[in-house]
Amino acid sequence: MLSRLGALLQEAVGAREPSIDLLEAFVEHWKGITHYYIESTDENTPAKKTDIPWRLKQMLDILVYEERQQTAAGEAGPCLEYLLQHKILETLCTLGKAEKLLRLGGTVPGSQTEKEEVQFTTVLCSKIQQDPALLTYILEGKKIVSRKKSSKEPTTLPREAASIQDKDHPRSKAPDTSPCGARALSTQLPAEREEEPDGAAGESNLITSLIGLCKSKKGRVALKAQENLLLLVSVASPAAATYLVQSSPCCPAVVEHLCHLYQSVPPFLDPADIAALEGVSWRLPSAPSDEASFPGKDALAAFLGWFDYCDHLITEAHMVVADALAKAVAEKLFMEIVQPHLLHVSEQSVLTSTALLTAMLRQLRSPALLREAVAFLLGTDPQAAAPDDGPRTLCAHLIGHCDHLSDEISITTLRLFEELLQKPHEQVIRSLVLCNLEGRHYVARGSPEPESYEDTLDLEEDPYFTDGFLNSSFHPSAKPPPAPATNSDGKTAVTEIVNSFLCLVPEEAKTSAFLEETGYDTYVHDAYGLFQECSSRVAPWGWPLGPTPLDPHEPERPFFEGHFLRMLFDRMSRILEQPYSLNLQVTSVLSRLALFPHPLIHEYLLDPYINLAPGCRSLFSVLVRVIGDLMQRIQRVPQFPGKLLLVRKQLMGQVPGEQLDHQTLLQGVVVLEEFCKELAAIAFVKFPPHGPHLHRSSPREGHV
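Source: prediction; values computed, not measured.

**A word on the overall build of the protein**
In step 1: Within the protein, the secondary structure is distributed over 32 helices and 0 strands.
In step 2: Counting over 704 residues, the protein shows a buried share of 51%.
In step 3: For the protein, the exposed area adds up to about 34,000 Å²; of that, 54% sits on carbon and sulfur atoms.

**Details of the packing of helix 6 (residues 114-130) against helix 11 (residues 206-214)**
The angle between the axes and the distance between the axes are what describe a pair of packed helices.
In step 1: The contact between helix 6 and helix 11 brings their axes to 11 Å, and the two run at 135 degrees. Accordingly, the angle class assigned to the pair helix 6 and helix 11 is oblique. Between helix 6 and helix 11 lies a crossing of left-handed hand. Taking contact as the criterion, the partners of Glu114, Glu117, Val118, Thr121, Leu124, Cys125 and Ile128 in helix 6 are, on helix 11, Leu206, Leu210 and Leu213.
In step 2: Class assignment of the residues belonging to the contact of helix 6 with helix 11 gives a composition of 7 nonpolar, 1 polar and 2 charged.

**Comments concerning unusual backbone geometry**
The phi torsion of most residues other than glycine is negative, and most of the peptide bonds are trans.
In step 1: Of note in the backbone geometry, Lys87 takes a positive phi value of approximately 50 degrees without being a glycine.
In step 2: Topologically, Lys87 is positioned in the loop between helix 4 (78-85) and helix 5 (88-102).
In step 3: Unlike most non-glycine residues, His662 shows phi in positive territory, near 60 degrees.
In step 4: With respect to the helices and strands, His662 occurs in the loop between helix 31 (640-651) and helix 32 (663-686).
In step 5: On the basis of relative accessibility, which here comes to 39%, the residue His662 falls in the partly exposed class.

**Here's the deal with the packing of helix 17 (residues 319-342) against helix 19 (residues 367-378)**
In step 1: Where helix 17 contacts helix 19, the axes come no closer than 9 Å and their chain directions differ by 30 degrees. Here the hand of the crossing between helix 17 and helix 19 comes out right-handed. In contact with Ala322, Asp323, Ala326, Lys327, Val329, Ala330, Phe334, Met335, Gln339 and Leu342 of helix 17, helix 19 contributes Ala368, Leu369, Arg371, Glu372, Ala373 and Phe376.
In step 2: Among the residues making up the contact of helix 17 with helix 19, the classes are represented as 11 nonpolar, 1 polar and 4 charged.

**Structural notes on helix 13 (residues 238-247)**
In step 1: Taken residue by residue, helix 13 has Ala240, Ala241, Tyr243 and Leu244 as its buried positions. Projected down its long axis, helix 13 shows its buried positions confined to an angular sector of 160 degrees, all on one face. In this structure, helix 13 carries Pro238, Ala239 and Gln246 as exposed residues pointing more than 90 degrees from its buried face.

**Quick notes on the confidence of the model for the protein**
In step 1: Across the protein, pLDDT averages 78, with 72% of residues at or above 70.
In step 2: Predicted confidence for residues 141-202 stays below pLDDT 50, and this span has 108 contacts to residues more than four positions away or in other chains.

**Here we look at the state of the cysteines**
In step 1: Overall, the coordinates contain 0 disulfides when judged by the stated rule.
In step 2: With no disulfide of its own, Cys395 lies 9.1 Å from the sulfur of Cys402, the closest cysteine sulfur.

**With respect to the packing of aromatic side chains**
In step 1: In this structure the tally under the stated criterion is 14 aromatic pairs.
In step 2: Seen in terms of ring centroids, Trp282 and Tyr309 are 5.2 Å apart; in terms of plane orientation they differ by 50 degrees. Their pairing is tilted. Here Tyr309 lies in helix 16 (residues 297-316) and Trp282 lies in the loop between helix 15 (271-276) and helix 16, a separation of 27 residues in the sequence. Just as Trp282 is buried, Tyr309 falls in that class too.
In step 3: Here the aromatic rings of Phe303 and Phe307 are separated by 6.3 Å at their centres, their planes lie at 35 degrees, and the arrangement is tilted.

**Here we look at the pattern of salt bridges**
In step 1: Scanning all chains against the criterion turns up 23 salt bridges.
In step 2: For Arg617, the salt bridge is made with Glu561, and the minimal N-O distance between the two is 3.2 Å. A residue pair is termed long-range when its members are at least 10 positions apart, and Arg617 in the loop between helix 29 (599-606) and helix 30 (619-633) and Glu561 in the loop between helix 26 (520-538) and helix 27 (563-573) qualify at 56 residues.
In step 3: Judged by relative accessible area, Arg617 falls into the partly exposed class, the value being 24%.
In step 4: Taking relative accessible area as the criterion, Glu561 reaches 9% and is therefore assigned buried.

**Here we look at the side chain of Thr587**
In step 1: Among the secondary structure elements, Thr587 is positioned in helix 28 (residues 580-594).
In step 2: With relative accessibility at 6%, the residue Thr587 sits in the buried group.
In step 3: A distance of 3.0 Å separates a polar atom in the side chain of Thr587 from the backbone oxygen of Asn583.
In step 4: Ignoring sequence-local partners within four residues, the contact set of Thr587 consists of Met572, Ile575, Val671 and Phe675.

**A few points about helix 4**
Since there are 3.6 residues in each turn of an α-helix, residues three or four apart along the chain are aligned in direction.
In step 1: Along helix 4, the residues classified as buried are Cys79, Tyr82 and Leu83. Taken around the axis of helix 4, the buried residues stretch over an arc of 100 degrees, which confines them to a single face. In this structure, helix 4 carries Leu84 and Gln85 as exposed residues pointing more than 90 degrees from its buried face.

**Comments concerning the environment of Leu63**
In step 1: Looking at where Leu63 falls in the secondary structure, it is placed in helix 3 (residues 52-69).
In step 2: With 16 residues separating them along the chain, Leu63 and Cys79 place their C-alpha atoms 6.6 Å apart.
In step 3: Excluding its chain neighbours within four sequence positions, the residues that come into contact with Leu63 are Phe26, Cys79, Leu80 and Leu83.

Reading the values: rules and limits
Residues numbered from 1 in each chain as written. Predicted model: local features only at pLDDT ≥ 70, side-chain atom pairs only at ≥ 80, totals over all residues. Heavy atoms only, no water. Helix = DSSP H or I, 4+ residues; strand = E, 2+ residues; numbered from the N terminus. Buried < 20%, exposed > 50% of the residue type's maximum accessible area, 1.4 Å probe, protein only. Areas by Shrake-Rupley, 256 points an atom, 1.4 Å probe, with all protein chains shown as cover. Axes fitted to C-alpha atoms, helices over the stretch in contact; angles between N-to-C directions. Parallel < 35°, antiparallel > 145°, perpendicular 65-115°, else oblique. Left-handed = near helix turned anticlockwise from the far one by under 90°. Contact = heavy atoms within 4.5 Å. Nonpolar A, V, L, I, M, F, W, Y, C, P; charged D, E, K, R; others polar. Arc of directions from axis to C-beta. pLDDT = per-residue confidence, 0-100. Disulfide = S-S within 2.5 Å. Phe/Tyr/Trp six-rings, centres within 6.5 Å; stacked < 30°, edge-to-face > 60°. Salt bridge = Lys/Arg side-chain N within 4 Å of Asp/Glu carboxyl O. Polar contact = N/O pair within 3.5 Å; in protein donor to acceptor, adjacent residues only side chain to side chain.

So, in structure tokens, the structure goes:
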């Protein structure tokens, strides 16, 4: 009877005092601490006036109680195991020390303790790489802006933490005793700093310390800080990467410094000096000492060095961080700063900004930043253009700059496009060229294929090639007689195409043979290497091997080559009237285009026998008309062969330069001869026996 009564009493006591899940309570107290540390916006409240010390005391009491219960078993309890597995003590110590030391350093340029500060950040970044969960604790994400808007009262507990708070232990009466982490956390935070940059949003933490150290005048300190920041952004944890983007000043601070350095570059820099400055990297930000000095060289080197660092950060960073940083560079640097300079009425502003953008493209390697740069320059939706389209986009304005009244602006912008064409992004060539060539509307419909070179050129119908002119003493070597049909292996097609370009310039206008250096073999060697490089770059794009066959019953449609090719063809048609340096740049861009292994580019730029639709022109047809213009002009130049040879020797540096009559014309003829040899070499390396078979005739004997 008594035993039954005792059992009932025990059940009653158990009903009045329900059992507590110690592990759940322990975890909830720890979450309450970490959530407060992450979410609090009031930095002026000391830790001892929050619930942190009380929660630490509760966790300590739970561990002591659990230890007493586990004494008999001789095993560690679940709460102690949780503490060890989640490295709670290490986290508390790291939080306390990091907050205290980071706020003391990294804020004053040229500090005497920069070496020690960067060593400390190295340890922190290494710890974060080992345990990315520490990132959200060390980077508090507290902003002065939020602090000004927030209440000065102590921050309330998160809902899940408040649900387990003991009413007998209010936060205002929390004991002062706590582990080492709590003692460190009890340090009152400093007041806001003066003249805080916008990108940092008034924060003082690991990111701002690293950015400050990256600006150090001590090269080793700056380099180590950059390496530490690189280590930080490459953390593998998606949660940590998301926190870096959304709750830290990482991207704004990095890009703000980039924009500051860009605006520090003098606006009067010579584009040639910008183009000549190479070899600048984030590991060696200073300009190479062996290059000629010019005003603004150090500022330019500093900007290009930090841009290279941003590009490297984007390459190595977690995808979430890389995309956010690339978008920040595009928005803050490209859109807000560079674009207004590109569209400015000042020619000097246009020159400097275009040259700087070209230098940036030359250094750019990261796919994410390249994607943003291409979208900035060309837009995101490539479509075929119409002839009467106005310059509504940045790309259209830049193409217009290639045909500017200022030759220097034209040359500088053409260099920009040449650099862009070498980037591994399909939208570049598609937006500038391919979207206008698709459909092959430049080919005449419903007409038989030509049987000879003569039938294709229709020279007799061209005003430059009248019967009287063809019977004069100047005979264009570009009019060979009809030849036999093509062999099945395609070799004769290649030979005929090569000879078409080599024979285009009349013998009377060639001078390279007199100097015993035809140059064709050198062009072939160079073209082979460039073509292999280009083919490797475009291989992932899955281009077809040949053009789509035409439907002979399809009606002809109006064809427009696009603003980019129209500009290049117009420039090429004026090669005999333009400065030598401008001609070199125009032909250089056209050569880059001709190297692309796309069948439509093969056909449109390198097939002399293409049967053009009425009103259409190709690169070869433009060259034919230039030759016709040349053969009329040279009759009006006395002693033309001798003067032409002298000009070539001047350009090669064999004789002193002196001003001659018709010098622009003579230099244009030299460029024209070399360009035709270059196109012949490109055609030779692009049309192997097993490549696209073109139905053409064999060349005259002895030409190749």
